[in-house]
Amino acid sequence: MKLTFLGTGTSTGVPSIGCECETCTSNDPRDKRLRVSILIEHGGQSVLVDTSSDFRQQALRYGLKRLDAVLITHCHADHIFGLDDIRPLNFRFGALGLYANERAWVDIRRIFTYIFEPSHFGGGLPQVIPHIVLPEASFCLGGDLTVTPLEVIHGRLPVMAYRFNDFAYATDLSEIPKGTIEAMRDLDVLALDCLRFDKHPTHLWLDKALEYIEELKPKRTYLTHIAHDVMHARDSAKLPNGVEWAYDGLEVEG
Ligand SMILES: [Zn+2]
Ligand SMILES: [Zn+2]
Ligand SMILES: [Zn+2]
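Residues numbered from 1 in each chain as written. Chains lettered and ligands numbered in written order. Predicted model: local features only at pLDDT ≥ 70, side-chain atom pairs only at ≥ 80, totals over all residues. Heavy atoms only, no water.

**Here's the deal with the sheet that holds strand β9 (residues 157-164)**
Then, in step 1: Spatially, β7-β8-β9-β10-β11-β12-β13 is the arrangement adopted by the seven strands of the open sheet, whose pairing is mixed. Each edge of the open sheet is held by one strand with a lone partner, namely β7 (139-141) and β13 (243-245). For this sheet, the mean inter-axis angle between neighbouring strands, taken without regard to orientation, is 25 degrees.
Then, in step 2: Relative to β9, strand β8 (residues 145-154) runs antiparallel, the two sharing eight bridges. When the bridges of β9 are listed, T148 appears paired with R163. (Pairing = 2+ DSSP bridges. Helix = DSSP H or I, 4+ residues; strand = E, 2+ residues; numbered from the N terminus. Axes fitted to C-alpha atoms, helices over the stretch in contact; angles between N-to-C directions.)

Listed below in structure tokens is the structure:
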């Protein structure tokens, strides 16, 4: 299995517009973070998690040729606003399975009304095949990739994390419910939300993320959805063994 971090930044991206802090002015490419998204490749399947507001740029940068499915964590702008840019893939390969929980589907249908209730003539529309995911109701993509949607809490909003065989991606969360903890054991790789060092009401911060890592004991953890408070080189020493800051373009295999 291969996981590629297409974006690792918080909702504003890093650098943040107009900011002159040490991270935002850094020349280290690992401090340049597009909005969060990952690509999972396994058994001939390519699965995207979230169509971020930077999706087009990410697809071009990483040479994305094909997708087999798109999974959505939740409908905040940074995770969904790139949906229109799946059209070139539709033109070539037809409609694409789009997986989201029921609450996210309400928002997707509202934000992208034009996709579901086309009212004008002309212009290509995204073509999606809607699938509703339920917590812990696993499904298979291809023969070999088992996807398990898992519920985590983002402030007050229940959002989906996803387990792919022994990899898991859990972003935009402040709490992992007990049932989900049990479903996240024995992981080879965990990609986990970690916004910054200071507490935050809707995201994990470093100490809280490390508590969950201690409890879940994945073999390797990569922190993502990172704000400009974190400078990659400067702050890597603050992480224990087996835990790293993710960065855009990082590929993890296992
Ligand atoms: Zn977000
Ligand atoms: Zn900054
Ligand atoms: Zn969010």
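There's more to say after this.
**Topic: the coordination of the zinc ion (ligand 3)**
Then, in step 1: Only H74 (NE2), H76 (ND1), H154 (NE2) and D172 (OD) from the protein reach the zinc ion (ligand 3) as donors, at distances of 2.2 to 2.3 Å.
Then, in step 2: Bound by four donor atoms, the zinc ion (ligand 3) shows angles of 90 to 172 degrees at the metal and therefore irregular coordination geometry.
Then, in step 3: The sequence pattern formed by the donor residues of the zinc ion (ligand 3) is H-x1-H-x77-H-x17-D.
Then, in step 4: Here the zinc ion (ligand 1) and the zinc ion (ligand 3) are spaced 3.5 Å from one another, each receiving a donor from D172. A residue pair is termed long-range when its members are at least 10 positions apart, and H154 in strand β8 and D172 in the loop between β10 (167-170) and α6 (178-183) qualify at 18 residues. No difference in accessibility class separates H154 from D172, as the two residues are buried. (Donors = N, O, S within 2.8 Å, 3.2 Å for Na, K, Ca; no water. Tetrahedral: all angles 85-135°; square planar, octahedral: opposite > 155°, others 65-115°. Buried < 20%, exposed > 50% of the residue type's maximum accessible area, 1.4 Å probe, protein only.)

**With respect to unusual backbone geometry**
Then, in step 1: Going from V14 to P15, the amide bond is cis rather than trans, its omega being 0 degrees.
Then, in step 2: Mapped onto the secondary structure, P15 falls in the loop between β1 (2-7) and β2 (37-42).
Then, in step 3: The phi dihedral of K217 is positive, around 50 degrees, even though this residue is not glycine.
Then, in step 4: Within the fold, K217 resides in the loop between α7 (206-216) and β12 (220-224).
Then, in step 5: By relative accessible area, which is 57% here, K217 ends up exposed.

**Examining helix α4 (residues 102-111)**
Then, in step 1: Of the positions making up α4, those classed as buried are A104, W105 and I108. Angular distribution of buried residues about the axis of α4 spans 100 degrees; they occupy a single face of the element. Pointing more than 90 degrees away from the buried face of α4 are the exposed residues E102, V106 and R110.
Then, in step 2: Packing partners of the buried residues in α4 comprise α2 (77-80), β5 (96-100), α5 (113-116) and β6 (128-132). (Arc of directions from axis to C-beta. Contact = heavy atoms within 4.5 Å.)

**Remarks on the sheet that holds strand β14 (residues 251-253)**
Then, in step 1: Read from one edge to the other, the open sheet built from seven strands follows the order β6-β5-β4-β3-β2-β1-β14, with strand pairing classed as mixed. Each edge of the open sheet is held by one strand with a lone partner, namely β6 and β14. Each strand axis lies, on average, 20 degrees off the axis of its neighbour in the sheet, ignoring direction.
Then, in step 2: Of the strand pairs in this sheet, strand β3 (residues 45-49) and strand β4 (residues 69-71) are connected by three bridges, and their pairing is parallel. By the bridge assignment, V49 is partnered in β4 with L71.

Read these as layout, nothing more, since geometry by itself doesn't imply function.
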